[in-house]
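Architecture at a glance
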Amino acid sequence: MRLFDLSLRFNGFDIRKAKSTLKQIQQIPEVDHKSYVHSKRKEILEFHLKHNAYYNRLASNVNTEDWNTVPVLTKSQLQTSLNNRLSDGYSTTSVYTNKTSGSSGHPFTFAKDKWCHALTWAVIMNRFSWYNIDFNTSKQARFYGIPLDKKGFVKERLKDALSQRTRFSVFDLSDQAFESILDSFSRKKFIYINGYTSAIVQFAKFLKRQNIVLKSICPSLRCCIVTSEMLFDEDRELMEIQFGVPVVNEYGASELDLIAFENPQAQWMVNSETLFVEILDNTNTPVPLGEEGRIVITSLYNKAHPFIRYDIGDVGMLSEHSTLKNPILKKLIGRTNDLIILPSGKRAAGLTFYYITKSIIEDDGSVKEFVIEQHALDQFTIKYVSERPILNEKLSIIKDEIKRYLEDNINITFKHCHSLERSISGKLKQFTSFITN
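A brief structural summary. (Residues numbered from 1 in each chain as written. Predicted model: local features only at pLDDT ≥ 70, side-chain atom pairs only at ≥ 80, totals over all residues. Heavy atoms only, no water.)

This paragraph deals with helix α9 (residues 197-210). An ideal rise of 1.5 Å per residue puts 20 Å on 14 residues; α9 measures up with 20 Å between its terminal C-alpha atoms. The buried count for α9 comes to ten of 14 residues, which makes it a mostly enclosed element. When we look at burial in α9, the residues that qualify are Thr 197, Ser 198, Ala 199, Ile 200, Val 201, Gln 202, Phe 203, Ala 204, Phe 206 and Leu 207. Asn 211 sits one or two positions beyond α9 and adopts a positive phi of about 55 degrees. (Helix = DSSP H or I, 4+ residues; strand = E, 2+ residues; numbered from the N terminus. Expected span 1.5 Å × (residues − 1). Buried < 20%, exposed > 50% of the residue type's maximum accessible area, 1.4 Å probe, protein only.)

Rendered as structure tokens:
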């Protein structure tokens with residue numbers, strides 16, 4: 001029984017139709033793909049100008065015949081109540097909603113209409129199929145976080161069961177935890193590993209210390225797919241040696257789609273089916289292939305919420321060998337998270353703060369930006385920008401949550417700021433460690 005497909009259909013995501021539509025898009029010849037992209041981006045632009053009052057105010061001077069007149073959206077412009085940003089005919093109960101991780105320091109709640117989200121899953125399943133992975137049958141070793149509240153925990157565990165996933169927490173990267181994970185690999189026929197780069201790298205380092213190649217323990221293993229953080233060459237080499245399988249690089253954004261996925265020929269293929277990806281300079285002008293610029297993305301199918309020329313907050317470069325139908329991501333800058341090192345010696349992935357900062361995020365857009373710094377083993381500072389200081393009651397809740405996820409003997413200081421320091425690329429790094437291991 002194809003439980004994963006059934007669960008999508010049960011929740012209103014017509015995955016069967018989405019897979020068929022995706023196949024039709026992929027069959028469009030290279031010579032006709034430009035017309036497809038131009039017609040879809042004009043269609044989605046005109047839809048939101050007509051049916052989305054919030055976007056219409058942001059793009060009041062657009063010439064629909066000239067794409068260069070379309071303004072670039074920033075995350076800060078979307079930090080207002082979701083109800084204000086939904087298109088006519090859509091409500092929070094009729095769409096897929098979620099929160100961004102805030103990894104760039106700009107958290108907000110977003111929405112996708114159900115057809116758009118079905119296409120998102122069709123793209124993801126298509127890319128994973130490049131490695132003979134079927135979400136209905138292929139067992140996954142999942143290195144992710146999990147919400148600790150009862151509702152969120154149960155929901156994720158149910159999704160794990162439907163998706164053939166065994167979840168390993170990134171909140172504890174100790175040798176003891178890795179021993180337990182290794183035991184699971186020896187007992188279960190995992191087909192692939194998927195999860196946060198930094199946590200999986202730590203598992204590979206553990207295997208190296210133990211002089212173990214994972215595929216010798218788990219012969220069914222085919223590949224390792226890493227996401228959410230930068231993949232450095234030396235880490236890839238380490239993982240491929242210790243796992244004994246290829247490492248695949250994924251780049252995505254929850255509010256958009258899967259953006260780029262590495263194919264078996266080691267090309268980082270950009271999603272040109274449901275997204276239009278541009279690389280722009282500081283004047284919002286497209287740069288030539290092979291030059292760095294800001295990654296700006298248009299969601300071609302999301303009618304519930306406008307993501308049109310949306311600046312995702314990353315800097316990257318398209319290969320000189322790219323075409324409009326087959327763009328290749330040559331380079332991605334940023335999106336790396338340091339490890340958290342705690343007084344007890346426990347280690348956790350920097351993206352642990354994804355789950356903690358959900359306590360900070362409010363849909364009314366009160367907290368605009370935040371970063372978290374570790375200055376000593378037991379000293380953390382949360383710097384945030386908001387219209388008003390966070391109430392002491394809220395601060396206490398956040399402190400309790402952080403200690404619940406990590407450990408008790410740490411001190412957390414909050415600093416209300418008017419602005420936050422950015423890197424040369426203009427990107428905020430959510431978590432930065434100023435200590436050495």
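Attention shifts here to the pattern of salt bridges. Two side chains carrying opposite charge are able to pair once their charged atoms lie near each other. Within this structure, the stated rule accounts for 22 salt bridges. With a shortest N-O distance of 3.1 Å, Asp 134 and Arg 2 are connected by a salt bridge. Within this pair, whereas Asp 134 is found in the loop between α6 (114-129) and β3 (140-144), its partner Arg 2 is found in the segment before α1 (3-10), the two being separated by 132 residues in sequence. Classification of Arg 2 by relative accessible area gives partly exposed; the value is 39%. The closest approach of N and O atoms between Glu 320 and Lys 330, which form a salt bridge, is 3.3 Å. Placement of Glu 320 in the loop between β12 (310-318) and β13 (329-333) and of Lys 330 in strand β13 is noted, with a sequence separation of ten residues between them. A relative accessible area of 45% places Glu 320 in the partly exposed class. (Salt bridge = Lys/Arg side-chain N within 4 Å of Asp/Glu carboxyl O.)

Attention now goes to the environment of Trp 121. With respect to the helices, strands and loops of the structure, Trp 121 is situated in helix α6. In this structure the C-alpha to C-alpha distance between Trp 121 and Ser 396, which are 275 residues apart in sequence, comes to 38 Å. Apart from residues lying up to four places away in sequence, Trp 121 is in contact with Phe 4, Leu 8, Ile 15 and Phe 135. (Contact = heavy atoms within 4.5 Å.)

Formed by 65 residues in total, the largest nonpolar core has its most connected members in Ile 133, Tyr 251 and Ile 312. In terms of residues, this core owes the most to one element, α6, which gives eight residues. Grouped together as the second largest cluster of nonpolar side chains are 55 residues, Ala 141, Phe 190, Ile 193 and Leu 214 included. (Core = buried A, V, L, I, M, F, W, Y, C linked by side-chain atoms within 4.5 Å.)

Moving on to the sheet that holds strand β16 (residues 367-376). Strand order in the open sheet made by the four strands is β18-β17-β16-β19, with mixed pairing throughout. Two strands lie at the open edges of the sheet, namely β18 (411-417) and β19 (431-433), each paired on one side alone. Here the strands of the sheet are splayed against their neighbours by 20 degrees on average, with no regard to which way each runs. Bridging between β16 and strand β17 (residues 379-386) involves eight bridges; their strand directions are antiparallel. Pairing of Val 367 across the sheet is with Ser 386, part of β17. Seen against the sheet, helix α13 (residues 392-405) touches β17 and β18 and runs at an angle of roughly 135 degrees to β18. (Pairing = 2+ DSSP bridges. Axes fitted to C-alpha atoms, helices over the stretch in contact; angles between N-to-C directions.)

Let's shift gears to the packing of aromatic side chains. The geometry of an aromatic ring pair is captured by the separation of the ring centres together with the interplanar angle, meaning the angle of the planes. What the rule picks out here adds up to 26 aromatic pairs. Centroid distance Phe 4 to Phe 135: 5.3 Å. Interplanar angle 90 degrees. Geometry classified as edge-to-face. On the criterion of sequence distance, the pair formed by Phe 4 in helix α1 and Phe 135 in the loop between α6 and β3 is long-range, its members being 131 residues apart. Ring geometry for Phe 128 against Phe 135: centres 5.0 Å apart, planes inclined by 75 degrees, an arrangement best described as edge-to-face. Of the two residues examined, Phe 128 and Phe 135, each falls in the buried class. (Phe/Tyr/Trp six-rings, centres within 6.5 Å; stacked < 30°, edge-to-face > 60°.)

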